Amino acid sequence: MDEFDVVIVGAGPAGATAAYLLAKAGLSVVVIERGQEPGSKNVSGGLIYAQIYDEIYPNFWEEAPVERAIAGHSIVFLGDTAVTAMGYRDEATAPPYNAFSVLRARFDPWLAAQAEEAGAMVMPGFTVDELVMEDGRVTGVKAGGDELPAKVVVIAEGTRSQLLKQAGLREDYDPKDVSIGIKEVIQLPEQTITDRFQCLTADEGAAYTLVGHTAGAEGGGFIYTNRDTLSLGVVVKIDSVYKSKRHPHEILDEFKSHPFVARLINGGEVVEYSAQTVHRGGFHLIPKMVGDGYVVAGSAARLLLNNVMTLRGMDVAVASAAAAAQAIIEAKEKDDFSAAGLASYERHFQATSVYKDMQTFKNAYPLLENKRLFHVYPDMVCDIMDDMFSVRAQPAKKGYRALRDRMKEHDVSLWELAKDMVQIGKGIAI
Ligand SMILES: Cc1cc2nc3c(=O)[nH]c(=O)nc-3n(C[C@H](O)[C@H](O)[C@H](O)COP(=O)(O)OP(=O)(O)OC[C@H]3O[C@@H](n4cnc5c(N)ncnc54)[C@H](O)[C@@H]3O)c2cc1C
């Protein structure tokens, strides 16, 4: 088979975007995707932050199958039966939008179509079985019994990235760095969603990040409004799922049983269920992104920004793919696809706004390890709010007194609270 300039493994946001930019620059590109359709194998909450997409696909929302422009973001602490919520809503959502909800089964085919229109060949329904290596250099891939030689291979196969492991190009994951995402798509009438989530129109939507009520597993939940469905799920650390002795679907059921969640999904029909691993994020997880004859982009490079309030994998994937494409175009000009020839990838990625955001929140990751944040504080905060808002026969308490009494009740020492405040401050505030 003729040699392509670039073979791309995976037609997720990273693979499709790399293909689009490289084909537009005139390189010969083939994308191999194991799903029968791009997006058919992908699991994601489906909230995309628009900025980087808009840079690459200007005004994409006019054509792309986005569900709703997200106008409201809330963070909700789920106590046993109560909730404490903090919300933000833009009452005049207009271009350039901040975020959209998408369904990957619709959105990924659109991204792949952009790559095809730019001249890339997209081959769904084929799995890349292994990388072809010669003298430690990647020279192509094996897929469907054939060998496809390439000057450079873009590894954009998502979070499991078996190819890198098989080729000895990455070490094994530590389970403590891996979470599992369990997701349902729940159908409800469009107007019910618009009313229930207080959206002004069916073009507008809301995003909820929820903390607590995950059956003893560390992590959080999400509910995002699509046009006539909700994307609902939990992302919880795999080792804590194991320790909780619960099945992933039991954790999701517990989350759904909270009265606040139950009310939002009331009357809905589950039309899709899926689960997939996702990395916890953090710079220490990022492997070598460049080698002789290959680059690694998106989730395959464990790129993710999670600061508890936002989980950003899809825009990070696209930013890394754009940086990789730029490096490959430069390598083509020099006809040097060695690690040295492709080395500008990391520099281009570091110059992106997405990377700078990852740096800003680099201290947020220890928060994801903090058990009190997930299992104690949601309930404690709700109890303190109860003290503030309830009128009882017993004398009322001022805030500090309520806090001290509730800390005692929830077995939290002043030292632990101070430590956690510093951690939260360093992670997301200061
Ligand atoms: C439950 C959950 C919720 C999430 N919520 C959000 C969210 O709301 N917002 C957000 O930004 N991020 C979210 N993420 C993270 C986000 O989904 C990923 O970061 C993003 O999809 C990464 O894009 P990618 O292109 O790198 O990889 P992927 O989207 O995983 O795409 C990889 C592609 O490669 C294909 N592939 C894999 N192996 C092979 C092979 N051997 N041969 C051929 N093809 C192959 C796959 O089928 C897939 O299409 C969530 C993740 C999970 C699990």
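About the thresholds
- Counting starts from 1 at the beginning of each chain's written sequence and moves along it residue by residue.
- The predicted origin of the model limits local features to residues at a pLDDT of at least 70 and limits the giving and counting of side-chain atom pairs to 80 or more, whereas totals for whole chains, interfaces and linings rest on all residues.
- The side-chain figures draw on all heavy atoms in the structure; neither hydrogens nor water molecules are used.
- Helix and strand definitions here come from DSSP, where helices need a minimum of 4 consecutive H or I residues and strands a minimum of 2 consecutive E residues; each element is numbered from the N-terminal end.
- Atoms counted for the radius of gyration: C-alpha only. Globule rule: 2.2 Å times residue count to the power 0.38.
- Any two residues having at least one pair of non-hydrogen atoms within 4.5 Å are treated as being in contact.
- Here the term buried applies to any residue with accessible area under 20% of the maximum for its type, exposed to any over 50%, and partly exposed to those in between, with areas from a 1.4 Å probe on protein chains only.
- Paired strands, as defined in this entry, are two strands with at least two bridges between them according to DSSP.
- It is the directions from the helix axis to the C-beta atoms that the arc portrays.
- Axes here mean lines fitted to C-alpha atoms, for a helix over just the part in contact, with angles spanning 0 to 180 degrees between N-to-C directions.
- By convention, the crossing between two helices is left-handed when the near helix turns anticlockwise from the far helix through less than a right angle, and right-handed when the turn is clockwise.
- Only Asp, Glu, Lys and Arg are considered charged, only Ala, Val, Leu, Ile, Met, Phe, Trp, Tyr, Cys and Pro nonpolar, and every remaining residue, Gly among them, polar.
- What we call a nonpolar core is a set of buried Ala, Val, Leu, Ile, Met, Phe, Trp, Tyr and Cys residues that are connected through their side-chain atoms within 4.5 Å.
- Reported domain spans reflect what an automatic or database domain assignment gives.
- A patch is a set of surface residues, each over 30% in relative accessible area and not in a salt bridge, joined within 9 Å for like charges and within 5 Å for the nonpolar side chains Val, Leu, Ile, Met, Phe, Trp and Tyr.
- All accessible areas in this document rest on Shrake-Rupley with a 1.4 Å probe, and a residue is counted as covered only by the protein chains that are shown.
- Here, a salt bridge means any side-chain nitrogen of Lys or Arg that lies within 4 Å of a carboxyl oxygen of Asp or Glu.
- Under the counting rule used here, the positive set is Lys and Arg, the negative set is Asp and Glu, and His together with the chain ends is not counted.
- A charged residue contributes its charge at one atom only: NZ of Lys, CZ of Arg, CG of Asp or CD of Glu.
- To estimate how far a helix should reach, multiply one less than its number of residues by 1.5 Å.
- Near, as used in this document, describes a residue that has one of its heavy atoms within 4 Å of the molecule or strand being considered.
- Contacts described as polar in this section are N or O atom pairs within 3.5 Å, which, within protein, must combine one atom able to donate a hydrogen with one able to accept it, while residues neighboring in sequence count only if both atoms come from side chains.
- Angle categories: roughly parallel below 35 degrees, roughly antiparallel above 145, roughly perpendicular from 65 to 115, and oblique for all the rest.

Draft legend 1. Inspection of the overall build of the protein at higher detail. Helices and strands together make up the secondary structure of the protein, namely 15 helices and 19 strands. The globule rule puts the C-alpha radius of gyration for 430 residues at 22 Å, and the 23 Å found for the protein is close to it. For the C-alpha atoms alone, the extent of the protein along its principal axes is close to 85 × 45 × 35 Å. Of the contacts formed within the protein by residues at least 6 apart in sequence, a portion of 72% connects residues at least 24 apart.

Draft legend 2. Representation of the pairing of strand 14 (residues 229-237). Counting buried positions over the nine residues of strand 14 gives nine, a clear majority of the element. As paired elements, strand 11 (residues 178-187) and strand 14 share nine bridges and run antiparallel to each other. Within strand 14, the residue paired with Ile180 across the bridge is Val236. Sheet analysis places strand 13 (residues 219-225) next to strand 14, joined by seven bridges and oriented antiparallel. What sits directly across from Ile223, in strand 14, is Leu232. Hairpin connection of strand 13 to strand 14: three residues between the antiparallel strands.

Draft legend 3. Representation of helix 14 (residues 399-409). For helix 14, every residue scored as buried is listed here: Ala402, Arg406 and Met407. Taken around the axis of helix 14, the buried residues stretch over an arc of 130°, which confines them to a single face. Structural note: helix 14 exposes Tyr400 and Lys408 on the side pointing more than 90 degrees away from its buried face. The elements touched by buried residues of helix 14 are helix 13 (377-389) and helix 15 (414-429).

Draft legend 4. Quick peek at the packing of helix 1 (residues 13-24) against helix 9 (residues 314-334). Their axes nearest at 8 Å, the elements helix 1 and helix 9 cross at an angle of 35°. Viewed along their axes, helix 1 and helix 9 form a crossing whose handedness is right-handed. Residues Pro13, Ala14, Thr17, Ala18, Leu21 and Leu22 of helix 1 touch helix 9, and the partners they reach there are Met314, Ala317, Val318, Ala321, Ala322, Ala325, Ile328 and Ile329. Its residues assigned to classes, the contact of helix 1 with helix 9 comprises 13 nonpolar, one polar and no charged.

Draft legend 5. Structural context of the nonpolar core. One finds Val29, Tyr53, Phe60, Ile328, Tyr345 and Phe349 to be the most contacted residues of the largest nonpolar core, which totals 100 residues. When residues of this core are assigned to domains, at least three fall in each of domain 1 (4-65 + 103-170 + 287-360) and domain 3 (366-429). Here Val29 is in contact with Phe4, Val6, Ile8, Ala19, Leu22, Ala23, Ala120 and Met121, once residues within four sequence places are set aside.

Draft legend 6. Geometry of a negative patch on the surface. On the surface, Asp129, Glu130, Glu134, Asp135, Asp146 and Glu147 cluster together to form a negatively charged patch. With three residues, strand 8 (residues 128-134) is the largest single contributor of residues to the negative patch. A relative accessible area of 84% places Asp135 in the exposed class.

Draft legend 7. Local environment of the domain arrangement of the protein. Domains assigned within the protein are domain 1 (4-65 + 103-170 + 287-360), domain 2 (176-279) and domain 3 (366-429). For domain 1 and domain 3, the distance between their C-alpha centroids amounts to 43 Å.

Draft legend 8. Representation of unusual backbone geometry within the structure. With omega at -5°, the peptide bond leading from Pro95 into Pro96 counts as cis. One can find Pro96 in the loop between strand 5 (83-89) and strand 6 (99-102). Unusually for a residue other than glycine, Asn59 sits at a positive phi of about 50°. Following the sequence through the fold, Asn59 ends up in the loop between helix 2 (50-56) and strand 4 (66-78). For Asn59, a relative accessible area of 36% corresponds to the partly exposed category. For Asp335, which is not glycine, the phi torsion reads 50° and is therefore positive.

Draft legend 9. Quick peek at helix 1. Taking 1.5 Å of rise per residue, twelve residues should cover 16 Å, and helix 1 covers 16 Å from first to last C-alpha, within 8% of that figure. With respect to burial, helix 1 is a largely interior element, eleven of its twelve residues being buried. Along helix 1, the positions that sit buried rather than exposed are Pro13, Ala14, Gly15, Ala16, Thr17, Ala18, Ala19, Tyr20, Leu21, Leu22 and Ala23. Immediately downstream of helix 1, the backbone of Gly26 shows phi near 95°, a positive value.

Draft legend 10. Spotlight on the site of the ligand. Lining the immediate surroundings of the ligand are 33 residues, of which Glu33, Gly45, Arg104, Ser299 and Met314 lie closest. In this structure, Arg104 approaches the ligand through a side-chain N or O atom, which is 2.7 Å from an oxygen atom. In the complex, 96% of the free accessible area of the ligand, which totals 1000 Å², lies under the protein chains. Every element with two or more residues in the shell around the ligand is listed here: helix 1, strand 2 (29-33), strand 15 (269-279), strand 19 (311-312) and helix 9. Of the residues in the shell around the ligand, the class split is 14 nonpolar, 13 polar and six charged.

Draft legend 11. Looking closely at the packing of helix 1 against helix 3 (residues 104-117). Between helix 1 and helix 3, whose axes approach to 8 Å, the crossing angle comes to 20°. Put simply, helix 1 runs roughly parallel to helix 3. Where helix 1 crosses over helix 3, the handedness of that crossing is left-handed. Touching Pro13, Ala16, Ala19, Tyr20 and Ala23 of helix 1 are Arg104, Asp108, Leu111, Ala112, Gln114 and Ala115, all from helix 3. Across the contact of helix 1 with helix 3, the residue classes break down as eight nonpolar, one polar and two charged.

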